[in-house]
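Structure assessment
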Amino acid sequence: MAGKRKPKASKAKHDDLARPSKWRLQHGAFSGPIRTADPETGTPVQHRRAVDTLGMMLASGSITAQMHEAGEIFRGLFRAACFDSMSTSQLLRIPGSRVDTLSTMQIEARRRVAAALDLLGGHESPCGSCAWFVVGLEFSVREWSMRQGWAGRTVHGPVGQGILVGTLGTLAMHFGLTPRAKAA
């Protein structure tokens, strides 16, 4: 009686480490490779820059430079407030110190982020949610639209992009990048 043949072990294909992985490419485009020299060693290196949502919208003309700058300011405050990072324990422990203390810079950044979110209508409003996830946490508009919804309905892509444009316009006014309209 003849036995079954065993399939040949296939060789695992290794990804080209000089290119972004398939998983990373599905989450956004990259610019072409830029060749520069490493400042410390002088050896040639190749950089690829991930294209962000605000950068793509600025390039297409969907938003103004002031709106883009307002998004960058909010993103910088969001990072300084440490809302996007994972908390870790310190490797060097000092007796009598606490790990969960916040610096004055983090407290000020959190206060400014909270003030901006209050102006946008709070965390639960469409503009506040968009600022938190798309601008702060750098989700794509599509990812945010699929997970966000009001009154049992999801947000469609063009509507989500419109909410982002409105959010950035309000942030530009809040940060003083565009003049406030005078009441008649």
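Since we're looking at a predicted model, the values are computed, not measured. (Residues numbered from 1 in each chain as written. Predicted model: local features only at pLDDT ≥ 70, side-chain atom pairs only at ≥ 80, totals over all residues. Heavy atoms only, no water.)

A count of helices and strands for the protein chain gives 7 helices and 4 strands. In the protein chain, the succession of α and β elements from N to C terminus is α-β-β-α-α-α-α-α-β-β-α. Within the protein chain, contacts between residues at least 6 apart in sequence are counted, and of these 50% link residues at least 24 apart. For the protein chain, the computed accessible surface area is about 13600 Å², with 57% contributed by carbon and sulfur atoms. (Helix = DSSP H or I, 4+ residues; strand = E, 2+ residues; numbered from the N terminus. Contact = heavy atoms within 4.5 Å. Areas by Shrake-Rupley, 256 points an atom, 1.4 Å probe, with all protein chains shown as cover.)

With that settled, consider the packing of aromatic side chains. The full count for this structure, using the stated rule, is 5 aromatic pairs. Between F78 and W132 the ring centres are 4.7 Å apart and the planes differ by 85°, which places this aromatic pair in the edge-to-face class. Of the two residues, F78 sits in helix α3 (residues 65-80) while W132 sits in helix α5 (residues 126-136), which places them 54 residues apart along the sequence. Judged on exposure class, the residue F78 and its partner W132 are both buried. In this structure an aromatic cluster arises from ring pairing among F74, F78, F83 and W132. (Phe/Tyr/Trp six-rings, centres within 6.5 Å; stacked < 30°, edge-to-face > 60°. Buried < 20%, exposed > 50% of the residue type's maximum accessible area, 1.4 Å probe, protein only.)

The next subject is helix α4 (residues 104-120). In a regular helix each residue adds 1.5 Å, so 17 residues correspond to 24 Å; α4 covers 24 Å between its end C-alpha atoms and thus fits that length. Listing the buried residues of α4 in full gives Q106, A109, V113, A116, L117 and L120. An end-on view of α4 places all buried positions within 100° of arc, on one side of the element. In α4, the exposed residues that point more than 90 degrees away from the buried face are T104 and D118. Buried residues along α4 sit in contact with α3, α5 and α7 (157-174). Positive backbone phi, approximately 110°, marks G121, located one or two places after α4. (Expected span 1.5 Å × (residues − 1). Arc of directions from axis to C-beta.)

Enumeration over the complete set of coordinates arrives at 4 salt bridges. E138 serves as the salt-bridge partner of R79, at 2.3 Å between the closest nitrogen and oxygen. In this pair, R79 sits in helix α3 while E138 sits in the loop between α5 and α6 (141-147), placing the two residues 59 residues apart along the sequence. On the accessibility criterion, R79 (44% relative accessible area) is partly exposed. We note a salt bridge from E108 to R111, for which the minimum N-O separation is 2.4 Å. Of this pair, E108 and R111 both sit in helix α4, 3 residues apart, roughly one helical turn. Here the salt bridges do not stand alone but share partners, grouping E72, R75, R79 and E138 into one network. (Salt bridge = Lys/Arg side-chain N within 4 Å of Asp/Glu carboxyl O.)

Note that Q148 resides in the loop between α6 and β3 (149-150). Within polar-contact distance, the side chain of Q148 engages the side chain of S129 at 3.0 Å. When near neighbours in sequence (up to four residues on either side) are disregarded, Q148 contacts S129, R153, T154 and V155. (Polar contact = N/O pair within 3.5 Å; in protein donor to acceptor, adjacent residues only side chain to side chain.)

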